[in-house]
Amino acid sequence: MEIGFIGLGKMGMNMVTRLRRDDHRVLVFDRAQGLIAEAEGTGAAGSSSLQDLVSKLVKPRAVWMMVPSGAPTEETVQALADLLEPGDVIIDGGNTNFHDDVRRAAALKPKGIHYIDAGTSGGIWGLQIGYCLMIGGEETLVQRLAPVFTTLAPQDGWAHVGGHGAGHYVKMVHNGIEYSIMQGYAEGFELMSKSDYHLDLPRIADLWMHGSVVRSWLLELGATALKNDPTLAGLKGYVQDSGEGRWMLMEAMDKDVPVPTLSAALFTRFRSRQEESFSEKMLAALRQAFGGHKVKSST
């Protein structure tokens with residue numbers, strides 16, 4: 001089928017490539033002209049602007065956005081709302097707060113423009129193995145777009161999970177679980193790295209991929225990282241977050257659901273970005289004040 005595609009970053013470009021491999025007609029736009037040229041190399045048709053993109057699509061149009069969450073996504077939705085017509089559909093495949101999906105769908109409804117939220121997991125490996133897609137929105141629109149979802153996903157790798165916002169809601173929880181799993185691996189491997197046994201961490205990570213109950217794709221990626229750099233000396237322990245962990249924590253508080261594992265994992269990421277922690281200085285000061293414990297000077 002035919003689809004417009006906005007945003008040609010690492011995931012976006014790979015998704016366009018995967019669509020073209022299955023012979024979908026893809027019209028693309030990105031602010032970086034070089035990326036448009038690269039996409040044209042896959043057989044996609046380039047566009048000079050959003051208006052140009054929309055004008056080249058056959059009605060009813062379908063436009064997939066793969067742009068950064070927040071203001072870039074909001075601005076793109078608003079721009080498309082002024083260009084599209086009744087019966088057209090916008091698909092947001094980025095990392096969006098599900099509350100924004102609900103609001104946008106309601107705002108577009110009077111114009112007759114449909115909205116689909118597609119939680120997308122797969123990262124840079126999606127080109128090779130496919131993307132797990134969690135789809136929210138109207139059933140009839142989801143079925144209309146099924147050929148695109150089927151191409152992007154591996155076998156049994158996409159599902160319509162509910163109404164507007166449900167796709168990104170499920171993706172939010174997916175990423176919260178991901179935070180927790182990653183933190184568990186990180187803590188376990190740190191402990192082993194300090195063991196008196198001088199353990200071969202790359203070997204152990206690979207070992208656990210064979211029959212262990214903790215085997216996973218994340219562990220497989222960790223095993224590869226350790227083989228390339230057994231002490232991870234080439235990395236700085238600075239870990240960003242893309243927002244879903246925060247959103248899940250706030251949703252859990254609203255629903256009175258305890259998520260201590262996610263909380264610890266998220267706050268550990270915050271700590272990783274501090275060159276020095278004021279709270280830990282305060283701890284040292286208090287221990288010295290009440291117990292005369294030794295402290296280390298910063299000078």
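Throughout this document, residue positions are counted from 1 along each chain, in the order its sequence is written. Per-residue local features are limited, in this predicted model, to residues with pLDDT of at least 70; the limit for side-chain atom pairs, both in listing and counting, is 80 or more; totals at the level of whole chains, interfaces and linings are taken over all residues. Only heavy atoms go into the side-chain values, all of them from the structure, while hydrogens and water stay out.

Asker: Which residues make up a nonpolar patch on the surface, and what values go with them?
Answerer: Taken together, the side chains of Ile 124, Trp 125, Ile 129 and Trp 217 make up a nonpolar region of the molecular surface, amounting to roughly 410 Å² of accessible area. Here a helix means four or more residues in a row that DSSP labels H or I, a strand means two or more in a row labelled E, and each is numbered from the N terminus. For Trp 125, the location among the structural elements is in the loop between strand S6 (114–121) and helix H6 (126–129). Relative accessible area decides the class of each residue, using a 1.4 Å probe on protein chains only: under 20% of the type maximum gives buried, over 50% gives exposed, and in between gives partly exposed. Look at Trp 125 and you get partly exposed, because its relative accessible area is 38%. A patch consists of residues whose relative accessible area exceeds 30% and which take part in no salt bridge; residues with like charges are grouped when within 9 Å of each other, and nonpolar side chains (Val, Leu, Ile, Met, Phe, Trp, Tyr) when within 5 Å. A 1.4 Å probe and the Shrake-Rupley method give the accessible areas. Residues count as covered only by the protein chains that appear here. Here a salt bridge means any side-chain nitrogen of Lys or Arg lying within 4 Å of a carboxyl oxygen belonging to Asp or Glu.

Asker: Could you give an account of the pattern of salt bridges, with specific residues and numbers?
Answerer: Going through the model one piece at a time under the given rule, you end up with 21 salt bridges. Across the pair Asp 23 and Arg 20 runs a salt bridge, and its minimum N-O distance is 3.9 Å. Judged by relative accessible area, Asp 23 falls into the exposed class, the value being 62%. Note that Glu 275 and Lys 236 form a salt bridge whose closest N and O atoms lie 3.7 Å from each other. With Glu 275 in the loop between helix H13 (260–272) and helix H14 (278–291) and Lys 236 in the loop between helix H11 (217–228) and helix H12 (244–254), the pair connects residues that are 39 residues apart, well separated along the chain. Summarising the burial analysis for this pair, Glu 275 and Lys 236 share the class exposed.

Asker: Before we move on, can you summarise the sheet that holds strand S8 (residues 158–162) with the specific residues and values?
Answerer: Strand order across the open sheet formed by eight strands is S3-S2-S1-S4-S5-S6-S7-S8, with mixed pairing between neighbours. At either end of the open sheet lies a strand with only one pairing partner, and these are strand S3 (45–46) and S8. A pair of strands is considered paired only if DSSP assigns at least 2 bridges between the two. Note: S6 against strand S7 (residues 132–136), five bridges, orientation antiparallel. Considered in S7, the bridge of Gly 119 is made with Met 134.

Asker: Explain the packing of helix H9 (residues 166–193) against H12 to me, using residue names and the numbers behind them.
Answerer: A pair of packed helices is captured by two measures, namely the crossing angle of their axes and the spacing between those axes. Running from amino to carboxyl end, H9 crosses H12 at an angle of 105 degrees, the nearest separation of the two axes being 8 Å. Here H9 lies roughly perpendicular to H12, going by the angle between them. Mapping the contact onto sequence places Tyr 169, Lys 171, Met 172, Val 173, Asn 175, Gly 176 and Tyr 179 in H9 and Glu 244, Gly 245, Trp 247, Met 248 and Glu 251 in H12. For helices, the axis comes from a line fit to the C-alpha atoms of the stretch in contact; other axes are also lines fit to C-alpha atoms, and the angle between any two N-to-C directions lies between 0 and 180 degrees. We call two directions roughly parallel when the angle between them is under 35 degrees, roughly antiparallel when it is over 145, roughly perpendicular when it lies between 65 and 115, and oblique otherwise. Only heavy atoms enter the contact rule, under which two residues are in contact if any of them lie within 4.5 Å.

Asker: Requested: an account of the side chain of Gln 183, with residues and values cited.
Answerer: With respect to the helices, strands and loops of the structure, Gln 183 is situated in helix H9. Residues contacting Gln 183, with those up to four places away along its chain left out, are Ala 265 and Thr 268.

Asker: I'd like a description of the environment of Thr 120, backed by residues and values.
Answerer: Within the fold, Thr 120 resides in strand S6. The spatial distance from the C-alpha of Thr 120 to the C-alpha of Thr 151 is 13 Å, given a sequence separation of 31 residues. Apart from the residues lying within four places of it in its own chain, the contact partners of Thr 120 are Met 11, Met 15, Trp 64, Met 66, Gly 93, Tyr 131, Cys 132, Leu 133, Met 134 and Lys 171. Within polar-contact distance, the side chain of Thr 120 engages the backbone oxygen of Ala 118 at 3.0 Å. Under this definition, polar contacts are N or O atom pairs within 3.5 Å; protein pairs additionally need one hydrogen-donor-capable and one acceptor-capable atom, and for neighbouring residues in sequence, both atoms have to be side-chain atoms.

Asker: Let's hear about the packing of aromatic side chains: which residues, and what values?
Answerer: Stacked, tilted and edge-to-face are the three classes applied to pairs of Phe, Tyr and Trp rings, where Trp contributes its six-membered ring and a pair requires centres within 6.5 Å; stacked means planes under 30 degrees apart, edge-to-face means over 60, and tilted covers the rest. Inspection of every chain in the model, using the stated rule, returns seven aromatic pairs. Ring centres 4.8 Å apart and planes at 80 degrees place the aromatic pair Phe 98 and Tyr 169 in the edge-to-face group. Of the two residues, Phe 98 sits in helix H5 (residues 98–108) while Tyr 169 sits in helix H9, which places them 71 residues apart along the sequence. Seen from their ring centres, Phe 149 and Trp 158 are 5.2 Å apart, and the 50 degrees between their planes marks the pair as tilted. Judged by relative accessible area, Trp 158 falls into the partly exposed class, the value being 24%. Connected via pairs of aromatic rings, a cluster forms that spans Phe 5, Trp 64, Phe 149 and Trp 158. Throughout this description, the term charge over a ring refers to an Arg CZ or Lys NZ atom that lies within 6 Å of the ring centre and within 35 degrees of the ring normal. Cation over ring: Arg 269 sits above Tyr 179, and NZ or CZ is 3.8 Å from the ring centre.

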